[in-house]
Amino acid sequence: MSNGAPIALGYLPVAVTFGILGRQAGLSVAEVTGMSAWVYAGASQFLAVKMIASGVGFFEIVLATFILNFRHFLMSTVLARKIEGSKPGVAALSYWVTDETFVVASLHARPEGLSALGFLTMALTAYLSWLTGTFLGGMFAGLIPVRIVDGMGIGLYALFIALLIPSARKHWQFALVAAASALTAWGLSSLLPGLSEGWTLIAATLGVSALGTLLPDGEIEK
Amino acid sequence: MIWLLLAGMFLVTYIPRLVPFLFARQLDLPPWVQKWLKFFPYAALGALIFPGILTAVPGRPVLAAGAGILATVGALFIRNITVIVVLAIAAVLLLQGLGMP
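Residues numbered from 1 in each chain as written. Chains lettered and ligands numbered in written order. Predicted model: local features only at pLDDT ≥ 70, side-chain atom pairs only at ≥ 80, totals over all residues.

**Comments concerning the overall build of chain A**
Broken down by element type, chain A carries 12 helices and 2 strands. Listing the helices and strands of chain A from first to last along the sequence gives α-α-α-α-α-β-α-α-β-α-α-α-α-α. For chain A, the C-alpha radius of gyration of 18 Å lies close to 17 Å, the compact-globule estimate for 222 residues. When the backbone C-alpha atoms are referred to their principal axes, chain A occupies close to 55 × 40 × 35 Å. Looking at the 222 residues of chain A, the share that counts as buried comes to 51%. When contacts within chain A are restricted to residue pairs at least 6 apart in sequence, those whose partners lie at least 24 apart make up 77%. (Helix = DSSP H or I, 4+ residues; strand = E, 2+ residues; numbered from the N terminus. Rg over C-alpha atoms; globule rule 2.2 N^0.38 Å. Buried ≥ 20, exposed ≤ 12 C-beta atoms within 10 Å, placed from the backbone. Contact = placed C-beta atoms within 7 Å.)

Below you can see the structure in the form of structure tokens.
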């Protein structure tokens, strides 16, 4: 719960915004909430409602969703090896792998691993916030000005920063890798504006982490 | 039709989330791959923060970057993540009201 609280707080305004934009794109309250419940991947949901609004077809939207969300494959690979518990039990947790649950879980895991129950409570707190926010945004789309919730989108970035700083202070290798990855992502998105956010993240993560393996170990724990 | 689309989006999102849990778990990976995986969260964090933060508050890159710096300084002194999130949101809402670009 306590680990899930900052994610829930960051998700809520973003989910409300999504609910509002979804309604503006012509979806019903049930449909926007359904998308949050089934897809549960923020950036791809925003992209999908934008595509729906401009009349893009089924296959193009599904393909764009796949491309944008494939990054979870990397995150699940790390988490699958870190979360303890029976195989089917742990596999069930994969439904709630997001950018945010991934970073919180992997940075807060004790060296010996992460409990399945710990991940589940964190993940469900975050998921509930995403669903509630979407429903409220969809329900009251006409009443809430998007501009007000817009500014609250900074919350997720504050979450990422607050997660990174303590580890970056402890191990310079992590600080260097994070900074190099940020610059790589920036370079890629400037040089190749056609590249989706998802592939930019995948390329920066795979490439810069590989360079990280060349750094001296120091006292980096598991 | 929308529900069919949602089902398609669900499948292509869920399968990449699930597959590593089915095979990567007990896989014996060479030490260099394990070291590689260890850096994933930090590299992902870097790429998630920047340059995305510049568009976190639509049309107000200076304000968003300022809130990012505030969160960075705050995180040096405060370990509670929720407090940092609240602090950044409050700063943005306040400065937005004052008309910062």
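**Looking at the overall build of chain B**
If you tally the helices and strands in chain B, you get 4 helices and 0 strands. Element order for chain B, N to C, with α for helix and β for strand: α-α-α-α. Over its C-alpha trace chain B gives a radius of gyration of 20 Å, far above what one expects of a compact globule, namely 13 Å for 101 residues. Projecting the C-alpha coordinates of chain B onto the three principal axes gives extents of approximately 55 × 45 × 25 Å. For chain B, restricting intrachain contacts to residue pairs at least 6 apart in sequence, the fraction spanning at least 24 positions comes to 38%.

**What to know about the confidence of the model for chain A**
Predicted confidence across chain A gives a mean pLDDT of 91, with 96% of residues reaching 70 or more. Confidence, read as mean pLDDT per element, is least for helix α9 (residues 146-150) of chain A in chain A (77) and greatest for helix α2 (residues 29-38) of chain A (98). (pLDDT = per-residue confidence, 0-100.)

**A short note on the interface of chain B and chain A**
Contact residues are listed per partner, giving 56 residues for chain B and 73 residues for chain A. Elements supplying a minimum of two residues to the side of chain B that touches chain A: α1 (2-23), α2 (31-49), α3 (61-77) and α4 (81-97) of chain B. Residues of the side of chain B that touches chain A, tallied by class, amount to 45 nonpolar, 7 polar and 4 charged. (Nonpolar A, V, L, I, M, F, W, Y, C, P; charged D, E, K, R; others polar.)

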